[in-house]
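Fold and contact review
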Amino acid sequence: MALFSKKDSKICSTEFAVLPNHLGIIMDGNGRWAKNRGLPRTAGHKAGANVFRTISDECARLGIKYVTFYAFSTENWKRPQEEVDALMSLFMDYLLEAKADMTKAGTSKIKFIGERRGISKELLDLMDEAEQETASHTGTTVYLAINYGGRQEIVSAVNSLIAQGKTSVTEEDISANVYTVPDCDLIIRPSGEERLSNFLLWQAAYSEFWYSDVLWPDFKKDDLYSALREFEKRNRRFGG
């Protein structure tokens with residue numbers, strides 16, 4: 001059985017016999033989408049943010065318990081300052097809107113994962129407010145990975161264990177100290193790239209993967225359904 005699958009034909013049904021408990025999504029292709037249209041890269045990020053809202057809402061409606069979106073990696077600071085500034089401004093705009101939506105709806109819970117160093121105090125304060133105001137919600141937990149790297153996450157977990165006085169660690173110790181729980185069942189990556197790019201390295205040990213050529217700003221609910229249909233077919237043996 002192939003581990004990886006390209007996008008199937010459109011599937012409209014939203015009834016699924018099996019859903020991933022934890023879904024990871026690498027939001028990739030915003031810059032190329034903008035370039036293909038002769039637009040600045042920031043336009044692609046804006047379009048991608050709208051898709052993020054649509055897909056996160058749909059995951060919540062379907063009843064997926066945890067969804068982690070890869071928004072900004074530790075390596076993304078190397079991009080042109082203008083693009084980095086635009087992304088941080090976009091995160092601010094999103095949080096101001098999403099915080100109100102989630103608080104009003106009273107369903108999804110939002111959490112931010114990654115290093116806080118380098119992020120402005122204004123944005124950090126908004127992130128903290130969003131987490132606090134949705135902490136009591138019992139629906140889907142939406143993890144937004146900002147200034148995140150999978151290797152950095154593992155190092156952070158080990159350092160946390162050292163600070164706790166551990167002189168040796170187990171797999172269970174690290175699993176309990178990484179940013180997200182539980183392990184990731186399915187990772188979706190659009191844009192035609194077929195790699196993890198330092199995303200959920202620990203949690204992806206037994207993840208299923210689904211790749212698509214569609215760029216993230218063009219990603220639709222039907223693409224999500226196609227990935228979930230493929231996940232239903234996978235025979236997961238977890239190394240056994």
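Each chain carries its own residue numbering, running from 1 in the written order of its sequence. Reporting of local features is limited, given that this is a predicted model, to residues whose pLDDT is at least 70; pairs of side-chain atoms are given and counted only at 80 or more, and all residues count toward the totals for whole chains, interfaces and linings. Note that water and hydrogens are dropped before the side-chain values are worked out from all heavy atoms of the structure.

Quick look at the layout of surface pockets
We apply this condition: The definitions used throughout rest on a 1 Å grid laid over the protein atoms alone, on which a cavity is an enclosed set of points accommodating a 1.4 Å probe that cannot get out and a pocket is an open set flanked by protein within 12 Å on both sides along at least five of seven lines; lining residues are those having an atom within 4 Å of a point. Grid points are joined across faces, edges and corners, and a volume is the space filled by probe spheres set on the points. Runs of E in the DSSP output that reach at least two residues are strands. Runs of H or I that reach at least four are helices, and both are numbered from the N terminus. Under the convention adopted here, Pro, Cys and the residues Ala, Val, Leu, Ile, Met, Phe, Trp and Tyr are nonpolar, Asp, Glu, Lys and Arg are charged, and Gly plus all remaining residues are polar.
Put simply, the largest pocket is a space of about 600 Å³. Lining the largest pocket are 28 residues, with M27, Y70, A71, N76 and R79 sitting closest to its centre. Taken together, the elements giving at least two residues each to the lining of the largest pocket come down to α1 (30-36), α2 (41-62), β2 (66-73) and α3 (81-105). For the lining of the largest pocket, the leading source of residues is α2, giving five residues. Across the lining of the largest pocket, the residue classes tally to twelve nonpolar, eight polar and eight charged.

Let's talk about the environment of I26
To keep it simple, the criterion reads: With a 1.4 Å probe rolled over the protein chains alone, any residue whose accessible area is under 20% of its type maximum counts as buried; one over 50% counts as exposed, and the rest are partly exposed. Contacts: residue pairs with any heavy atoms within 4.5 Å of one another.
Topologically, I26 is positioned in strand β1 (residues 22-26). By relative accessible area, which is 4% here, I26 ends up buried. Measuring from C-alpha to C-alpha, the distance between I26 and E75 comes to 14 Å, with 49 residues separating the pair along the chain. Those residues within four positions of I26 in sequence are excluded, and the remaining contacts are Y70, I187, I188, R189, P190, R195, L196 and F199.

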